[in-house]
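Residues per chain, in single letters:
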Amino acid sequence: MTAVDVLESAAALETDRAPSASRLAEWIRDAWVLTRRNLVHVRREPAQLSDVTVQPILFTLLFTQLFGAAMVLPGGGSYIDFAVGGLLIMNLVTSAPMGTAVGLGSDISTGIIDRFRTLAMKRSAIVAGRTFSDLLASIMCAFFVAAAGLVVGWRPDTGAMGLLAGFGVALLFGYSLSWFGACIGLAVRGPESAQSIGLIILFPLAFVSNAFVPTNNLPTWLGTIAAWNPVSAAGAAVRELWGNPNPSSTISAWPMQHPVAAALIWSVVILAICAVTATWLFKRRTTE
Amino acid sequence: MTAPVIEAVRLTKRYDDTQALAGVDLYADKGTLLGVLGPNGAGKSTAVRVLTTLARPDSGCARVAGFDVVTQAAEVRRRIGVTAQDATVDIALTGRQNLVMIGELSRLARTDAKRRAGDLLSRFDLVDAADRVVKGYSGGMRRRLDLAASLVTNPPILFLDEPTTGLDPTSRAAMWDVIRGLLDGGVTVLLTTQYLDEADQLAHRIAVIDHGRVIADGTPAELKAQTGRQRVDVRLSRPAAGAADALAAFVTAPPIIGDGGRTLSLAVDDAPGLGSRVVEALGTIGVGVDEVTVHRPSLDDVFFHLTGHAAGEAGTGEEAA
C-alpha cells in the first residue's frame, strides 16, 4: 500500500467510476495545482521563506564558528565537516513540518477550504499539495546550508552519487516530517497554535540528537534516547554518505550502526503513520 | 412531470445545542429561482451546506440533479456552483489566479481554465482588477469574484447564500441583473436572503424559513395574498385604545399596533372608498387621522404575519455555521 493509496482511501468513499490510473493522474494534478498556489503565496510574501534562507545561513555560520572553536570530535576530524550534515537535518526538522502545519492551519480556518470542498477535486490533494510546496522549500533550505557550509570550509569526501544520496536521505526525512506537521496543523485550532505546539515538539527532537554535538559521552539514558531519535539516524546517515566525520559509528545501538537504513525506515514509518493520521484528521475536521 | 432539480425532504441538522434544521422541505424546478427567506439564525446557511455536500444531515434526505447529497456527493459536486456567505476565494491570489485555479481543480485543461477566467472577468466587470491581489478588492468586487468562481464550470445548478448581504444598492442591483441573466440561461438557482424585496424581485417561489422550519411556501403573489388583498396603514393624531375596535368591520386579521398605539396596520379586502371610510370610522369615535395609506402587502407584512416578528429581527436561534 503506497502513501497515495492511503490518501485515496478517503476519496474512494466518494462515487467515482474513473479507472484507478486516471484517478491517480487527477490526484497528482490537483496536488500540483495547489502546490503552485502555495508558491504564489510565497512570492507574495517572501519573508515566509526566511526559515529556509536566512535561518540556514545564520545557523550554519553561528554553530560552526561558536561550537567549532571548542569542540573536539571523538575519533578526530574537523568540526565543520561534522556539523554541516547535522545542520542540514536540524534546519529541515525545524522548517519543513512548521511550513506544513502553519500553512494547513491557516487554510483550514478560512473559507477557501469550503470552496475546495464543493469542487469535483480530490480532497486529499489539499494536504498533499501543501507538503509538496514545503518539499520545494526544503530543497532551497538544503541549498543554503550547503552553500554556507562551503563558505566556512565544509568539504564532503565522496563522489557525486554519495553527495546526492546524502541530500536525498535528508529531504526524504524532512518530507516525512511535513506530514507530521500536517497532523499538527489539522489537530489544533489555528495557525498560531500550530506554530507554538510544533516548536515545542520539534526543538527537543532536534537538540537531543547528534545534530550539533557528538552523543558518545552522554549519560546512558540520554545517550539511548539520542541514539534512537530519528534525527540522529538522519544526521549520521548524511555524514556517512558524505564521507564526513561520524562519531556515532562507534555507538552500538542498531540505528547508529546502520544509519542510512535507519533513516530510510524512520522516514517511511513516519510518512505512513502521519499520512494516515493526517487524512483522518482532515476528514474529521471537514465533516459536519 | 419531471422531478425537481433541488429537493430536500424533512432535513434535520443539529450543531451542539442549536437545532439548525428541524425538518426542512425545499424544492426547486429546473430553470427557476427558489428564494429561501428568513432572518439570521433561521437555518438558511445550514440548508445550503447540506445541499452543497458540505454538511451531512442528521436525518431526512436531499437530492440535487437527482443525486443524493450524502451517498453521491461527488456527482452533486460536478453539477453545482456555490457562493457561500463568507467569501471563499484566496485573498493572497489575484482574481485571475483564483479563477484559473478553480478551473483547473474542476478538471478544465489549463488553457481552457485561463480562457474561462478571462471571459468571467470581463462579464463581471473585473478586467481592470484581474491581476491585482484580492486582498485589495472592495466588498462588491469580492462578491462578484466569488460568484464568478462558482460559475467557472458553467454549472446547471447554483447555490447563492446571501449574495448581496453587505452590498451597497448599486452593487446589489448589479448582482440582481447577473442572477436574472443566469436564469435566462436556464440555470436553476437556490438563493437565500434576509431581504424581502430581493426574494420578491428574483424568486419564482419563496420558502419562508424560521427556527429551522419552512413556515410558508409559495409564489410571491400567493404569500402576499395570505395577509389580505390590501393593507391599510393608519397614523393617528393621538394614541387611541378604541381605534382597533372601530375598524373591526374592515379587517380580515388582527391589526398590528405600533408606536404606543398611534399606528395601525390592517389586512383588509378590496372595497371602494376604503381610505375615506377608515377615516370616517375613526372620526365617529373622535380620533383624528394624520396619515393613511392603502397598498398591496409587501413581503415584510407577510413575514410579520407569519412569524410575529419582523424579518430584520433575529429569531431565538444562533446562525449555525
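Everything quoted here is computed from the prediction, not taken from an experiment.

Undergrad: Tell me what's going on with the sheet that holds strand β3 (residues 33-37) of chain B, and back it up with residues and numbers.
TA: All names here are of chain B. Pairing within the open sheet is mixed, and its six strands lie in the order β6-β7-β8-β3-β9-β10. Taken across any chain shown, the strands that pair with only one partner, and hence form the sheet edges, are β6 (80-83) and β10 (213-218). Neighbour-to-neighbour, the strand axes of the sheet open up by a mean angle of 15°, direction not taken into account. The pairing of β3 with strand β9 (residues 205-210) spans four bridges and is parallel. From the neighbouring strand, L34 faces β9, where its bridge partner is R205.

Undergrad: Can you lay out the interface of chain A and chain B for me, pointing to particular residues and giving the numbers?
TA: Every contact between the two is made by 20 residues of chain A and, on the other side, 31 residues of chain B. If you list the elements that add at least two residues to the side of chain A that touches chain B, you get α2 (20-44) and α5 (112-117) of chain A. Of the residues in the side of chain A that touches chain B, the class split is seven nonpolar, four polar and nine charged.

Undergrad: Quick one: what's the story with the sheet that holds strand β5 (residues 67-68) of chain B, residue by residue and with numbers?
TA: Residues and elements named next belong to chain B. With respect to topology, four strands assemble into an open sheet ordered β2-β1-β4-β5, the strand pairing being antiparallel. Only two strands of the sheet have a single neighbouring strand rather than two, namely β2 (18-28) and β5. Pairing of strand β1 (residues 6-15) with β2 involves eight bridges; the strand directions are antiparallel. Considered in β2, the bridge of A8 is made with L26. Of the strands in this sheet, β1, β2 and β4 (59-64) touch helix α1 (residues 44-51), which is tilted by about 115° from β1.

Undergrad: Explain the packing of helix α4 (residues 79-108) of chain A against helix α8 (residues 191-207) of chain A to me, and be specific about the residues and the numbers.
TA: All names here are of chain A. Here α4 crosses α8 at 160°, and the two axes come no closer than 9 Å. If you check the angle between α4 and α8, you find them roughly antiparallel. Once α4 is placed against α8, the crossing between them reads as right-handed. On α8, the residues touching M90, V93, T94, P97, M98, A101, V102, G105 and S106 of α4 are P191, A194, Q195, G198, L202, L205 and A206. Residue classes in the contact of α4 with α8 are distributed as 11 nonpolar, five polar and no charged.

Undergrad: Got a sec to walk through the confidence of the model for chain A? Specific residues and values, please.
TA: Looking at chain A as a whole, its pLDDT mean stands at 88, while 93% of the residues score no less than 70. Overall, residues 1-17 of chain A carries pLDDT values under 50, and its contacts beyond four positions in sequence, including any with other chains, amount to 31 contacts.

Undergrad: Go over α8 of chain A with me, naming the residues and quoting the values.
TA: All names here are of chain A. Look at α8: 24 Å from first C-alpha to last across 17 residues, which is about the 24 Å you get at 1.5 Å a residue. Maximum bend of α8: about 25°, positioned at L199. Those residues of α8 that sit buried are A194, G198, L202 and A206. Structurally, α8 contributes buried residues whose contacts are with α4, α7 (160-187) and α10 (230-242).

Undergrad: Tell me what's going on with the nonpolar core, and back it up with residues and numbers.
TA: If you look at the biggest cluster of nonpolar residues, it comprises 101 residues, and the most contacted ones within it are I89, A234 and A278 of chain A. The greatest single-element share of this core, amounting to 17 residues, is contributed by α4 of chain A. Of all hydrophobic cores here, the second largest spans 52 residues; its members include A8, L37, A62 and V76 of chain B.

Thresholds applied
In this numbering scheme, every chain counts its residues from 1 along its sequence in written order. For naming, the first written chain is A and the first written ligand is 1, with later ones following in the order written. This being a predicted model, a pLDDT of at least 70 is required before a residue's local features are given, and a value of 80 or more before pairs of side-chain atoms are given or counted; all residues contribute to the totals for chains, interfaces and linings. In this scheme, strands are said to pair when DSSP sees at least two bridges between them. In this description a helix means any DSSP run of H or I spanning at least four residues, a strand means any run of E spanning at least two, and both kinds are numbered starting from the N terminus. Helix axes use the C-alpha atoms of the stretch in contact, all axes being lines fitted to C-alpha atoms, and the angles between their N-to-C directions lie in the range 0 to 180 degrees. By the convention adopted here, residues are in contact when the distance between their C-beta atoms, placed from the backbone, does not exceed 7 Å. Three categories are distinguished: nonpolar for Ala, Val, Leu, Ile, Met, Phe, Trp, Tyr, Cys and Pro, charged for Asp, Glu, Lys and Arg, and polar for the others, with Gly belonging to the last. Roughly parallel covers angles under 35 degrees, roughly antiparallel covers those over 145, roughly perpendicular covers 65 to 115, and oblique covers all other angles. In this scheme the handedness of a crossing depends on how the near helix is turned from the far one: anticlockwise by less than a right angle means left-handed, clockwise means right-handed. What pLDDT expresses is the predictor's confidence in each residue, scored from 0 to 100. The span expected for a helix works out to 1.5 Å for each residue beyond the first. Here the bend at a residue is taken as the angle between two axes, fitted respectively to the seven residues that end there and the seven that start there. Note on burial: count the other C-beta atoms lying within 10 Å of the residue's C-beta; 20 or more is buried, 12 or fewer is exposed, in between is partly exposed, and C-beta positions come from the backbone. Nonpolar cores are identified as sets of buried Ala, Val, Leu, Ile, Met, Phe, Trp, Tyr and Cys residues joined via C-beta atoms within 7 Å.

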